[in-house]
Amino acid sequence: MKKANKIILIALTLIGLLQVFWFTALTYPIKPIINWINSLNVPKNWLTYLSLALAAISTLIYIFILMYALFSPTKYQEIKFTSSNGKLRISTNVVEKMITRRLKEIPSLKKVNVQLKILGKKRHAKMLISVLSNETKNLPQLGDYIKEIANEQLIDHLNVPIKKTIINLSSNTTDKKIKVT
């Protein structure tokens with residue numbers, strides 16, 4: 001998770017916890033808290049507006065969480081095949097290793113890393129392949145070739161539709177980097 005996302009989630013969580021604490025103090029009055037609030041000598045309207053603002057923020061947070069839960073695509077950890085003979089389940093880790101081994105057969109490639117996600121009801125595949133190459137020339141053609149091999153492994157051998165394949169290819173000898181989508 002990105003650092004900015006963590007900070008935002010922490011801030012929203014703290015606001016939500018403050019709202020829960022506030023609601024608890026209103027529904028079950030705790031004498032030390034009531035005495036502390038009364039000692040602040042602030043107008044009652046200010047406290048009402050603050051509680052309404054915190055309630056609105058909490059409502060937005062929970063609506064966001066609900067929308068995320070309803071509309072984010074489902075991630076699957078396996079590929080399922082059904083036929084008249086039965087069911088077969090293949091883990092995404094196995095498919096990643098299969099693609100990695102196939103790509104390591106290319107002699108100029110080093111440090112091959114394949115990340116596969118199976119998303120949605122139709123179970124489309126999304127691949128991110130990071131590769132370090134010994135070649136310095138023809139990196140775009142090599143990236144296209146890597147993409148072709150990886151897509152062939154999924155489409156031809158496993159009959160898994162591909163939504164997106166991203167290749168991050170960098171040269172071992174220079175700082176040249178190529179991204180093929």
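Now for a description of the structure that goes with this document. (Residues numbered from 1 in each chain as written. Predicted model: local features only at pLDDT ≥ 70, side-chain atom pairs only at ≥ 80, totals over all residues. Heavy atoms only, no water.)

### Focus: a nonpolar patch on the surface
Taken together, I63, L66, M67, L70 and F71 make up a surface patch of nonpolar side chains, about 530 Å² in accessible area. Locating L66 in the fold gives a position in helix α3 (residues 44-71). (Patch = residues over 30% accessible without salt bridge, like charges linked within 9 Å, V, L, I, M, F, W, Y side chains within 5 Å. Areas by Shrake-Rupley, 256 points an atom, 1.4 Å probe, with all protein chains shown as cover. Salt bridge = Lys/Arg side-chain N within 4 Å of Asp/Glu carboxyl O. Helix = DSSP H or I, 4+ residues; strand = E, 2+ residues; numbered from the N terminus.)

### Examining the nonpolar core
A general trend in soluble globular proteins is that nonpolar side chains are found buried together. Ranked by size, the top nonpolar core spans 26 residues in total, and within it V95, I99, L103, L109, I129, I146 and L154 carry the most contacts. The set of elements that each furnish at least two residues to this core consists of α4 (92-104), β4 (109-119), β5 (124-133), α5 (139-158) and β6 (162-171). With seven residues, the single largest contributor to this core is α5. Not counting residues up to four positions away in its chain, the partners in contact with L154 are V95, I99, L116, A125, M127, N159, V160 and I162. (Core = buried A, V, L, I, M, F, W, Y, C linked by side-chain atoms within 4.5 Å. Buried < 20%, exposed > 50% of the residue type's maximum accessible area, 1.4 Å probe, protein only. Contact = heavy atoms within 4.5 Å.)

### Section: the pairing of β4
Sheet topology places strand β1 (residues 75-76) next to β4; two bridges connect them, and they run antiparallel. Bridge pairing in β4 places Y76 opposite I118. Bridge count between β4 and β5: nine bridges; the pairing is antiparallel. Across the sheet, L119 pairs through a bridge with H124, a residue of β5. (Pairing = 2+ DSSP bridges.)

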